[in-house]
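Structural features, examined
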Amino acid sequence: MPFNKTCINTRPEVEARNPPAYLTAELRRKFLHSMVEKLPENMQDKIVVLKNIQLDCLKIEEEFVQQMYDLEAKYRDKLQPLLDKRMEIVTGQVDPPKENPKWPQVIQLQGQPCSQAHNQQQQYSAIEARKIAATQNIMANVAPDCRGIPNFWLTVLKNTKSFAALIHAHDEPALKHLTDICVTYDKLNAFTLEFHFSSNEYFSNSVLTRQYFLKTCSNSIKPFNFDGCEIYKTKGHYINWHHNMNLTIKQPDKDRGDFSFVVNNSFFDMFCISELEYKHGAEHKELRHLMEADCELAHLIRDKIVPHAVLYFTGDIVDDEENEKEFVQVHTVHDNNLRGTFNLAISDK
């Protein structure tokens, strides 16, 4: 049957109106539901059929999402022996024999030795030189005969804008004990980030974790809310701080008569939230923002940093190409989020 143009009202509007997309999510949903309810009955019957088809599509999508999760877990297991080998080299458990690079090298400039060609590429403008001079080089004073690669993971995290914004000066001595970051998958459709630490003066935990639970199937009550694989809940880890070493709290100065504890923004705040669960509704907006920031960092660690850590260390991968202004904005956003996070988690400390 050919499309009937007479079914559509083509009369021009008396006044310009905004499209429904300009409404807030909640108001837009109400508006569109009301719009559908006012449609002719035969058209509503067609929409019922279309939504039934959509349910059948969701069943196939659920199968796809579950198989993708299983495939990710399978290939993470295949990747793990190589990541274990990396960890042994970084921590100094293994001193590997020297190897030649297996990747394409920088093309040597005509008439110059390769080292000279490389140095030519590292020349800075005056402005760049000032910025470089003001940039922290964690690896500047590494001893030639050191074991492994000291401060490897601290360097990787501070080379990544999203995590550099979370790491404060008082966090660095503890993060120098970070020996590995691992990702594990389990049968609960969840993955866990594991931060492994050597013995240190700050806490007794050898591993700090944060677990992320994935939605791989639709809700039986609201099936159309399913939007593929997504994190719906996260769980933190209790940190067993040594006495007066809690980096997330500024210790009171009792000598000056100050006995109050003050929030101290810290990288370790990310572990201190006992549980976050995604909730709809305007009253949960701040909670959703915190969870979205948490999930964004989790995906960055799982999908980018852990499998490609050495490339973040060397600068072969940088997480963006933006300017300094954005870093200031990121730093401010993260600090604000962490203050809210601490308020949610303070009862757990």
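Bear in mind that the values here come from a model prediction, so they are computed numbers and not experimental data.

On to the confidence of the model for the protein, then. Across the protein, the average pLDDT comes to 79, with 73% of residues at 70 or higher. The secondary-structure element of the protein with the lowest mean pLDDT is helix H11 (residues 324-345), recorded at 43, while helix H7 (residues 172-175) shows the highest, at 96. Overall, residues 323-334 carries pLDDT values under 50, and its contacts beyond four positions in sequence, including any with other chains, amount to 14 contacts.

Taken in spatial order, the five strands make up an open sheet running S1-S2-S3-S4-S7, and their pairing is antiparallel. Looking at the sheet topology across the chains shown, the edges are occupied by strand S1 (178-186) and strand S7 (275-277). Averaged over all adjacent pairs, the angle separating strand axes in this sheet is 20°, with direction ignored. Here helix H2 (residues 41-90) sits on the sheet in contact with S1, strand S2 (190-197) and strand S3 (207-215), set at roughly 155° to S1.

On inspection of all chains with the given rule, the structure shows 17 aromatic pairs. With a centroid separation of 6.1 Å and 40° between ring planes, the pair formed by Phe197 and Phe268 is classed as tilted. With Phe197 in strand S2 and Phe268 in the loop between strand S6 (262-263) and helix H8 (269-272), the pair connects residues that are 71 residues apart, well separated along the chain. A single burial state applies to Phe197 and to Phe268, both of which are buried. Their ring planes at 35° and their centres at 6.3 Å tell us that Phe268 and Phe271 sit as a pair that is tilted. In this structure, Phe268 and Phe271 share a single accessibility class: buried.

Right, let's get into the pattern of salt bridges. What the rule picks out here adds up to four salt bridges. In this structure, Glu72 and Arg302 form a salt bridge, with 3.6 Å as the shortest nitrogen-oxygen distance. Here Glu72, found in helix H2, pairs with Arg302, found in helix H9 (residues 285-305); they are 230 residues apart in sequence, far enough to count as distant. You can call Glu72 partly exposed: its relative accessible area is 31%. Classification of Arg302 by relative accessible area gives buried; the value is 7%. Salt bridges sharing partners connect three or more residues here, namely Glu72, Arg302 and Asp303.

This part is about the side chain of Thr234. Along the chain, Thr234 falls in strand S4 (residues 230-235). Among the polar contacts listed, one links the side chain of Thr234 to the side chain of Asp294, at a separation of 3.2 Å. Other than its neighbours up to four places away in sequence, Thr234 contacts Arg210, Gln211, Tyr212, Ser274, Glu275, Leu276, Met291, Asp294 and Cys295.

It is worth spelling out H2 at this point. Look at H2: 68 Å from first C-alpha to last across 50 residues, which is about the 74 Å you get at 1.5 Å a residue. Largest kink in H2: about 35°, centred on Gln80, with the proline Pro81 one to four residues after it. Taken together, the buried positions of H2 are Leu58, Glu62, Val65, Tyr69, Ala73, Arg76, Gln80, Leu83, Arg86, Met87 and Val90. In the stretch just after H2, Gly92 is the one whose phi turns positive, near 85°.

Of all eight residues that make up S2, seven are buried, and the element is covered over most of its length. Relative to S2, S1 is paired through eight bridges, and the arrangement is antiparallel. Across the sheet, Asp186 pairs through a bridge with Ala190, a residue of S2. With seven bridges connecting them, S2 and S3 associate as antiparallel partners. Paired with Glu194 across the bridge in S3 is Thr209.

Turning next to a nonpolar patch on the surface. Among the surface-exposed residues, Phe64, Met68, Leu71 and Tyr75 lie close enough to one another that they form a single nonpolar patch of about 400 Å² accessible area. Here Phe64 is to be found in helix H2.

Pairing between S3 and S4: five bridges, direction antiparallel. Paired with Tyr212 across the two strands is Thr234, which belongs to S4. Of the strand pairs in this sheet, S4 and S7 are connected by three bridges, and their pairing is antiparallel. Residue pairing for S7: Lys233 is matched across the bridge by Glu277.

Turning next to the nonpolar core. Ranked by internal contacts, the top residues of the largest apolar core, which has 50 residues, are Phe163, Phe191, Phe195, Phe267 and Phe268. A total of eight residues in this core trace back to one element, the largest contributor, which is H9. Aside from chain neighbours lying at most four places away, what touches Phe163 is Leu157, Phe267, Leu297, Leu300, Ile301 and Ile305.

For Asn151, which is not glycine, the phi dihedral falls at a positive 60°. Note that Asn151 resides in the loop between helix H4 (126-133) and helix H5 (152-158). Asn151 sits in the buried class, given a relative accessible area of 18%. With a phi angle near 60°, Asn244 is a residue other than glycine that sits in the positive phi range. Tracing the backbone shows Asn244 in the loop between S4 and strand S5 (249-250). Residue class for Asn244 comes out partly exposed when judged on its relative accessible area of 46%.

Procedures and definitions
- Residues numbered from 1 in each chain as written.
- Predicted model: local features only at pLDDT ≥ 70, side-chain atom pairs only at ≥ 80, totals over all residues.
- Heavy atoms only, no water.
- pLDDT = per-residue confidence, 0-100.
- Helix = DSSP H or I, 4+ residues; strand = E, 2+ residues; numbered from the N terminus.
- Contact = heavy atoms within 4.5 Å.
- Pairing = 2+ DSSP bridges.
- Axes fitted to C-alpha atoms, helices over the stretch in contact; angles between N-to-C directions.
- Phe/Tyr/Trp six-rings, centres within 6.5 Å; stacked < 30°, edge-to-face > 60°.
- Buried < 20%, exposed > 50% of the residue type's maximum accessible area, 1.4 Å probe, protein only.
- Salt bridge = Lys/Arg side-chain N within 4 Å of Asp/Glu carboxyl O.
- Polar contact = N/O pair within 3.5 Å; in protein donor to acceptor, adjacent residues only side chain to side chain.
- Expected span 1.5 Å × (residues − 1).
- Bend = angle between axes of the 7 residues up to and from the residue.
- Patch = residues over 30% accessible without salt bridge, like charges linked within 9 Å, V, L, I, M, F, W, Y side chains within 5 Å.
- Areas by Shrake-Rupley, 256 points an atom, 1.4 Å probe, with all protein chains shown as cover.
- Core = buried A, V, L, I, M, F, W, Y, C linked by side-chain atoms within 4.5 Å.

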